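Each chain, letter by letter, is given below.
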Amino acid sequence: MTYKQHLVKNFLSNDEIESLTYDNKTVIESDSGDLTLYNQRQLAQSIIDKISTHIGPIEVRKSHVYNLTQPYRLHCDAGFDGDAYYTVIVPLDDNPQGGLYVMDQWANHAYSIEKYFKQSKQPVLSLEEQKTLIHGFDETKTLPDWIYFAHLKQRTGFTIKEFIDYQYNTAIMIPSVHFHCSQNVKDFDSKKSLAIFTRRK
């Protein structure tokens, strides 16, 4: 699996930011902090064109603006149809909290490692399933005992590929198949970003 990320500063224009919609709302409940999704029915073509200049022609599988009240835990965005390509994350907070940890491990299907959102459609893998379904999973390895991973109940089997600091309006483009999670920080309260999930065109 070849891994290549792209970081693009000042990604969205003011008009593109203003074109984002907030009328199609879904709240995914959790005992440790809800997730609010503002589903985008159609992104501006100019946004799609900008992404395509970096990773080639794409179509949007889905997109939403999300508002987190807890850091995302380990998951991958590979989807359910085998056509996932890149995930694009654009922080929309003026001073975003933390950053993104991308793991060496990957899978060809959307999976979570922990069940913490009540309505999540992603399958949650047991440890035995992780051993067979996640490429590069190594039970002898574990993520460091840092505050940055304090929100993770399971760290076994995963190793860090890279850390990407969140910056306002800097697009982060990573292969959707790679597991990743938000960085936990002291006094984390919320994070707002645009997330775009793509397939090759």
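Keep in mind it's a predicted model, so treat the numbers as computed, not measured.

Caption draft 1: Just a nonpolar patch on the surface, in detail. A contiguous nonpolar patch, built from Trp-146, Ile-147 and Tyr-148 and spanning about 290 Å² of accessible area, is present on the exposed surface. Along the chain, the position of Trp-146 falls in the loop between strand S7 (138-142) and strand S8 (156-157). Residue class for Trp-146 comes out partly exposed when judged on its relative accessible area of 40%.

Caption draft 2: Layout of the nonpolar core. The biggest cluster of nonpolar side chains holds 21 residues, and the ones touching the most others in it are Phe-11, Ile-51, Met-173 and Leu-194. Those elements that provide at least two residues to this core are helix H2 (45-55), strand S4 (58-68), strand S5 (86-91), strand S10 (171-175) and strand S12 (191-200). Of the residues forming this core, the biggest block, four residues, is contributed by H2. Apart from the residues within four sequence positions on either side, Met-173 is in contact with Lys-4, Gln-5, His-6, Val-8, Phe-11, Ile-51, His-54, Ile-55, Tyr-86, Thr-87 and Val-88. If you look at the next biggest cluster of nonpolar residues, it comprises 19 residues, including Tyr-101, Ala-107, Tyr-111 and Val-177.

Caption draft 3: Fine view of the layout of surface pockets. One number sums up the size of the largest pocket: a volume of about 900 Å³. Put simply, the parts of the chain that give the lining of the largest pocket at least two residues each are strand S2 (25-28), strand S3 (35-39), S4, S5, strand S11 (178-182) and S12. Residue contributions to the lining of the largest pocket peak at five residues, all from S4. Of the residues belonging to the lining of the largest pocket, the class tally is 18 nonpolar, 14 polar and eleven charged.

Caption draft 4: The environment of Leu-152, seen in detail. Within the fold, Leu-152 resides in the loop between S7 and S8. On the basis of relative accessible area, Leu-152 is assigned to the buried category, the value being 5%. Between the alpha carbons of Leu-152 and Pro-71 there is a distance of 9.4 Å; along the sequence they are 81 residues apart. When near neighbours in sequence (up to four residues on either side) are disregarded, Leu-152 contacts Arg-73, Leu-74, Glu-114, Leu-143 and Cys-181.

Caption draft 5: Summary view of the pattern of salt bridges. Enumeration over the complete set of coordinates arrives at ten salt bridges. Here Asp-23 makes a salt bridge to Arg-41, at a shortest N to O gap of 3.2 Å. Placement of the pair is Asp-23 in the loop between helix H1 (14-19) and S2 and Arg-41 in the loop between S3 and H2, with a sequence separation of 18 residues. With its nearest N and O atoms 3.7 Å apart, the salt bridge here joins Glu-59 to Arg-199. Of this pair, Glu-59 sits in strand S4 while Arg-199 is found in strand S12, placing the two residues 140 residues apart along the sequence. Among the charged side chains, a network of salt bridges with common partners joins Glu-59, Asp-83 and Arg-199.

Thresholds, definitions, all that
- Residues numbered from 1 in each chain as written.
- Predicted model: local features only at pLDDT ≥ 70, side-chain atom pairs only at ≥ 80, totals over all residues.
- Heavy atoms only, no water.
- Patch = residues over 30% accessible without salt bridge, like charges linked within 9 Å, V, L, I, M, F, W, Y side chains within 5 Å.
- Areas by Shrake-Rupley, 256 points an atom, 1.4 Å probe, with all protein chains shown as cover.
- Salt bridge = Lys/Arg side-chain N within 4 Å of Asp/Glu carboxyl O.
- Helix = DSSP H or I, 4+ residues; strand = E, 2+ residues; numbered from the N terminus.
- Buried < 20%, exposed > 50% of the residue type's maximum accessible area, 1.4 Å probe, protein only.
- Core = buried A, V, L, I, M, F, W, Y, C linked by side-chain atoms within 4.5 Å.
- Contact = heavy atoms within 4.5 Å.
- 1 Å grid on protein atoms, 1.4 Å probe; cavity = no way out; pocket = protein on both sides within 12 Å on 5 of 7 lines; lining within 4 Å.
- Points joined across faces, edges and corners; volume = space filled by probe spheres on them.
- Nonpolar A, V, L, I, M, F, W, Y, C, P; charged D, E, K, R; others polar.

Without other data, these values stay purely geometric and don't point to any function.
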